[in-house]
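# Commentary on secondary and tertiary structure
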Amino acid sequence: MFDFEQIAKNLAEGNQSKVSELVQSALDQGVSAKEILDEGLMGGMGIVGGMMEREEIMIPQVLAIAQFMSNTIDEKLKPLLQETDMNPYGTALFATVQGDLHDIGKNLVIMMLEGAGFQVIDLGIDVPPEKIVEAIRENAPKMLGLSALLTTTMPMIKTTIDHVKESGLRDQIKILVGGAPVDQGFADEVGADGYAPDASSATNVAKALAS
Ligand code: B1M
C-alpha cells in the first residue's frame with residue numbers, strides 16, 4: 001500500500017522535488033494516476049485549504065503550490081488519466097465564473113473531457129456572463145461548463161445561466177455545473193442540465209448530455 005500521506009504532506013509543505021520523486025515512485029510501483037491524484041495531490045490541497053482557513057499560509061505560497069500541482073498533473077498524470085477512445089462529442093465551452101480565480105479543478109475536468117473526445121474551448125477564469133454569451137454565439141458549442149469554488153461566486157453561476165436564457169440561446173446548449181461548494185440541489189435550483197462532483201464523473205455526465 002503506497003503511503004499517499006507523504007505526497008499530501010510534502011505538497012502542503014511546498015517540497016516540490018520530494019513530491020515529484022514520490023509521484024514518480026508511485027507510478028513506478030504501478031499505483032494508478034487516479035489514486036495518486038485523489039489520495040495524494042487532492043489530499044495535499046485539503047491540507048492547504050485547512051491552513052488557509054487558519055491563516056497559517058500566505059496566498060503567494062498557496063499559488064505556488066497550486067501551480068506546482070497543475071504542472072505535476074500535466075507532466076506526469078495527464079497521459080494516464082485521459083481515455084484512449086477518441087469519440088467526438090462536439091465542442092464544449094468552459095469557464096470559471098466572474099469573480100472566481102480558481103482553475104485547477106476546471107482544468108482537470110477539461111483535460112478528462114478532451115481525453116474522452118470533446119473539443120474544449122477554455123475561456124479561463126473570472127469570466128463575465130456577457131463574454132460567455134458572446135462565445136456561445138461565435139462557437140455554437142453543444143455544452144457549457146461552469147465552475148465556481150467560492151460560496152460567494154456560486155450565485156454567479158445562476159446569473160450566467162440567466163444571461164444565456166435572456167440571450168435566447170438556452171435551448172441550443174446543455175449546461176454542466178461543478179466546483180467544491182456546488183451540489184445537485186443547487187444545480188437543479190439554477191436550472192443547469194447536469195452536475196458532477198469530480199472530474200471523472202464530469203466526463204460521464206458530459207457524455208450523457210452530449211449524446
Ligand atoms: Co482559494 N479558497 N481562495 N485559492 N483555495 C478555497 C476554495 C477555500 C475552500 C480554502 C479555505 O479557506 N478552506 C476557500 C473558499 C471558502 C468558501 O467560499 N466557502 C478559499 C478562499 C477563501 C480564497 C480567497 C478568498 C482567499 C483570500 O484571498 N483571502 C481567494 C479568492 C480568490 C478569488 O477566486 N476571487 C482564494 C485564492 C486562491 C488562490 C488563487 C491562491 C488559489 C487558486 C489557484 C488556482 O486555482 N489556479 C487557491 C486555492 C489553490 C485553494 C484551495 C486550497 C485548493 C483548490 C483546488 O485547486 N483544489 C481551496 C481549498 C480546497 O479546495 N481544499 C481553496 C483542487 C481541485 C482539483 O479541486 O477545485 O474542488 P476542485 O475541483 C474538483 C471538483 O470541485 C470538480 O472537479 C474537480 C476535480 O475533481 N469541479 C467540477 C470543479 N469544477 C468543476 C466543473 C464541472 C464539474 C466538476 O463542470 C463544469
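As the structure is a prediction and not an experimental result, all values here were calculated from the model.

The rules behind each value
- Residues numbered from 1 in each chain as written.
- Predicted model: local features only at pLDDT ≥ 70, side-chain atom pairs only at ≥ 80, totals over all residues.
- Heavy atoms only, no water.
- Pairing = 2+ DSSP bridges.
- Helix = DSSP H or I, 4+ residues; strand = E, 2+ residues; numbered from the N terminus.
- Contact = heavy atoms within 4.5 Å.
- Axes fitted to C-alpha atoms, helices over the stretch in contact; angles between N-to-C directions.
- Near = heavy atom within 4 Å.
- Polar contact = N/O pair within 3.5 Å; in protein donor to acceptor, adjacent residues only side chain to side chain.
- 1 Å grid on protein atoms, 1.4 Å probe; cavity = no way out; pocket = protein on both sides within 12 Å on 5 of 7 lines; lining within 4 Å.
- Sits in = over half its atoms within 2 Å of the grid points.
- Nonpolar A, V, L, I, M, F, W, Y, C, P; charged D, E, K, R; others polar.
- Donors = N, O, S within 2.8 Å, 3.2 Å for Na, K, Ca; no water.
- Salt bridge = Lys/Arg side-chain N within 4 Å of Asp/Glu carboxyl O.
- Buried < 20%, exposed > 50% of the residue type's maximum accessible area, 1.4 Å probe, protein only.
- Phe/Tyr/Trp six-rings, centres within 6.5 Å; stacked < 30°, edge-to-face > 60°.

## Observations regarding the sheet that holds strand 3 (residues 143–147)
- Read across the open sheet, the 5 strands follow the order 2-1-3-4-5; overall the sheet is parallel. Sheet topology places strand 2 (119–122) and strand 5 (194–195) at the edges, where each strand pairs with a single neighbour.
- In the sheet, strand 1 (residues 91–96) pairs with strand 2 via 4 bridges, with the strands oriented parallel. Bridged to Leu93 within strand 2 is Ile121.
- Against the sheet, helix 9 (residues 199–210) contacts strand 3, strand 4 (174–178) and strand 5, and its axis sits at roughly 165° relative to strand 4.

## Describing the site of the ligand
- Neighbouring residues of the ligand: 36 residues in total, closest Gly99, Leu101, His102, Asp103 and Ser147.
- Between the ligand and Leu101, the relevant distance is 2.7 Å, taken from an oxygen atom to a main-chain nitrogen or oxygen of the residue.
- With respect to the ligand, the backbone of Ala180 contributes an N or O atom lying 3.2 Å from an oxygen atom.
- More than half of the atoms belonging to the ligand lie within 2 Å of the grid points that define the largest pocket.
- For the shell around the ligand, the elements supplying multiple residues, two or more each, are helix 3 (33–53), helix 4 (59–81), helix 5 (104–115), strand 3 and strand 4.
- With 7 residues, helix 3 is the single largest residue contributor to the shell around the ligand.
- Of the residues contributing to the shell around the ligand, the split by class is 22 nonpolar, 10 polar and 4 charged.

## Notes on the coordination of the cobalt atom of the ligand
- Among all protein atoms, only His102 (NE2) binds the cobalt atom of the ligand, sitting 2.2 Å from it.
- Inspection of the secondary structure assignment puts His102 in the loop between strand 1 and helix 5.

## Examining the pattern of salt bridges
- Per the counting criterion, the structure on display carries 7 salt bridges.
- The closest approach of N and O atoms between Lys9 and Glu13, which form a salt bridge, is 3.9 Å.
- Residue classification places Lys9 among the partly exposed residues on the basis of a relative accessible area of 41%.
- Across the pair Asp162 and Lys158 runs a salt bridge, and its minimum N-O distance is 2.8 Å. Within this pair, Asp162 and its partner Lys158 are both found in helix 7 (residues 154–166), separated by 4 residues, close to a single helical turn.
- Accessibility expressed as a relative area gives 22% for Asp162, which makes it partly exposed.
- You can call Lys158 partly exposed: its relative accessible area is 38%.

## Comments concerning the packing of aromatic side chains
- Going through the model one piece at a time under the given rule, you end up with 2 aromatic pairs.
- When the centroid spacing of 4.9 Å and the interplanar angle of 20° are considered together, the rings of Tyr89 and Phe118 count as stacked. Taken as a pair, Tyr89 in the loop between helix 4 and strand 1 and Phe118 in the loop between helix 5 and strand 2 lie far apart in primary sequence, 29 residues in all.

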